[in-house]
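Summary of the model geometry
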Amino acid sequence: MKKVAFLFMSVAVLALASCSKEGPEGPAGSTGPAGPAGPAGAAGDDASFTVNQVTIAVADWAGGTYVEFPADFINADIYEEGMAIAYIQDEFGYWNGIPSQWHVITGFGYTFLDSDGDGVSDTGIIGFDAVNGAPAADVTARVVTMTSRDYQVLSSNGSLNNYNAVMSYLQEKK
C-alpha cells in the first residue's frame, strides 16, 4: 500500500513540475469573425431640447390668478415622453424655477389637446398660477423642454431649480 501511495505521489509531483512555461510566447492567432451587432441604445437619450421664452403681461391675468397660452413647443413627443420645466425671471434678472419662494408665480403646468376633434392631439397649452395675487408688472418666463432621460438625470443631482445648471448640462450634450 505504501508503494502505491509513493508511486501516486511521485506521478503527481512530476505532473505539476512539467506544467511550467518554457520558451517565448508564440505568434498571435488570426482574428476571428466579427460578433453580432449590439442592441440599439436607449431611446430619447439625445440632446434634443428647446428653450422657449414667453412674456406674461399684467393684462393677461385679467384680475385672476391663472393664465394660459397656446404653446407649439408642447408637442406629442414632449407630452407623452418628455418634460417641460419653467423658470420666471425676477426683478434682479435671476431665473427662478417654479415653484419659487422668490416670485409671486408659484405654479406651472402644461397639456396637449385635440383642438380640431379628429382624435389626434395637436395643441400644446402652458399655464401659470399666482395663488397670492397676479404680478404687478410684466414678467418673462422660459419653458425648457427636454427628454425624460435628461429630466431624470437633472432631478437626481438636484439641478432642476438652477436654470444655469440645466442649460450647462443640456448644452454639453449637444
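Now for a quick tour of the structure. (Residues numbered from 1 in each chain as written. Predicted model: local features only at pLDDT ≥ 70, side-chain atom pairs only at ≥ 80, totals over all residues. Heavy atoms only, no water.)

Brief notes about helix α3 (residues 148-156)
Quick reminder: α-helices carry 3.6 residues per turn. Residues three or four places apart thus point the same way. Among the residues making up α3, those that are buried are D150, V153 and L154. Around the axis of α3, the buried residues are gathered within 95° of arc, so they sit on the same side. Residues of α3 that are buried in the fold lie against β7 (139-147) and α4 (163-173). A positive backbone phi angle near 75° is found at G158, which sits one or two residues after α3. (Buried < 20%, exposed > 50% of the residue type's maximum accessible area, 1.4 Å probe, protein only. Helix = DSSP H or I, 4+ residues; strand = E, 2+ residues; numbered from the N terminus. Arc of directions from axis to C-beta. Contact = heavy atoms within 4.5 Å.)

Details of the environment of A71
If you trace the backbone, A71 turns up in the loop between β2 (66-70) and α2 (76-81). A71 sits in the buried class, given a relative accessible area of 2%. Separated by 72 residues in the primary sequence, A71 and V143 have C-alpha atoms spaced 9.9 Å apart. The residues contacting A71, other than those within four sequence positions of it, are G124, I125 and I126.

Focus on the environment of S100
Checked against the element boundaries, S100 lands in the loop between β4 (95-97) and β5 (107-113). Look at S100 and you get buried, because its relative accessible area is 11%. Distance in space between the C-alpha atoms of S100 and Y87 is 8.9 Å, their sequence separation being 13 residues.

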